[in-house]
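Residues per chain are reported as follows:
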Amino acid sequence: MFDERQIEVGTWIRKITADSYRGWKAFYHTGAWKKKRKEILKRDHNSCQICRQNGRYTKAVTVHHIKHLRDVPELALTDSNLISLCRECHEKQHPEHHKKRLGFNNIEKW
């Protein structure tokens, strides 16, 4: 299912998230993530891939894990699990994180 490198990455991520007061957010402060984020934005020409599929250009500001980091940390640095998104599209992928700011009291309304 996972290759040896992916298993090592998953083990490393579980360790840093358990050892850090930041929890899962600690991963996003690592050099490995910052380097991978730049690579993915460059690969996707700094454009939101969802907007692009809909015929629009929007600048990407986020690199999103398709299979979420908490669920599958082994894929944290795997190119095929990463996609560049604009803020709006990323918020749609995570309504549970943004519902209060967006004025949604019930996640089902999203």
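Residues numbered from 1 in each chain as written. Predicted model: local features only at pLDDT ≥ 70, side-chain atom pairs only at ≥ 80, totals over all residues. Heavy atoms only, no water.

Student: Please explain the overall build of the chain as it appears in this structure.
Tutor: Helices and strands together make up the secondary structure of the chain, namely five helices and two strands. Within the chain, the proportion of its 110 residues that are buried is 40%. Of the roughly 7600 Å² of accessible surface on the chain, a fraction of 51% belongs to carbon and sulfur atoms. (Helix = DSSP H or I, 4+ residues; strand = E, 2+ residues; numbered from the N terminus. Buried < 20%, exposed > 50% of the residue type's maximum accessible area, 1.4 Å probe, protein only. Areas by Shrake-Rupley, 256 points an atom, 1.4 Å probe, with all protein chains shown as cover.)

Student: I tried to follow the nonpolar core on my own but got confused; where do I start?
Tutor: Buried together is how nonpolar side chains tend to be arranged in soluble globular proteins. Counting 13 residues, the largest nonpolar core has I13, F27, W33, V63, A76 and L77 as the members making the most contacts within it. At the level of elements, α1 (4–19) and α2 (31–43) are the ones that each hand at least two residues to this core. Counting residues in each nonpolar core, the second largest holds six residues, with C51, L85, C86 and C89 among its members. (Core = buried A, V, L, I, M, F, W, Y, C linked by side-chain atoms within 4.5 Å.)

Student: Help me understand α1, please; the structure alone is not making it clear to me.
Tutor: Every α-helix winds through 3.6 residues per turn, so residues three or four apart in the chain are directed the same way. Here α1 is 16 residues long and its end C-alpha atoms lie 23 Å apart, about the 22 Å a rise of 1.5 Å per residue gives. Along α1, the residues classified as buried are Q6, V9, G10, I13, I16 and T17. Here the buried residues of α1 occupy an arc of 135° about the axis, which is enough to place them on one side. Within α1, the exposed residues directed more than 90 degrees away from the buried face are E4, T11, K15, A18 and D19. Taking the backbone nitrogen of R5 as reference, a side-chain oxygen 3.1 Å away marks D3 as the first, capping residue of α1. (Expected span 1.5 Å × (residues − 1). Arc of directions from axis to C-beta. Polar contact = N/O pair within 3.5 Å; in protein donor to acceptor, adjacent residues only side chain to side chain.)

Student: Got a minute to help me understand the pattern of salt bridges in this structure?
Tutor: Between side chains of opposite charge, pairing is possible as soon as their charged atoms come close. Evaluated as defined, the whole model comprises seven salt bridges. Residues K15 and D19 are paired through a salt bridge, measuring 2.7 Å at the closest nitrogen-oxygen approach. Of this pair, K15 and D19 both sit in helix α1, four residues apart, which is roughly one turn of the helix. Given a relative accessible area of 52%, K15 falls into the exposed group. (Salt bridge = Lys/Arg side-chain N within 4 Å of Asp/Glu carboxyl O.)

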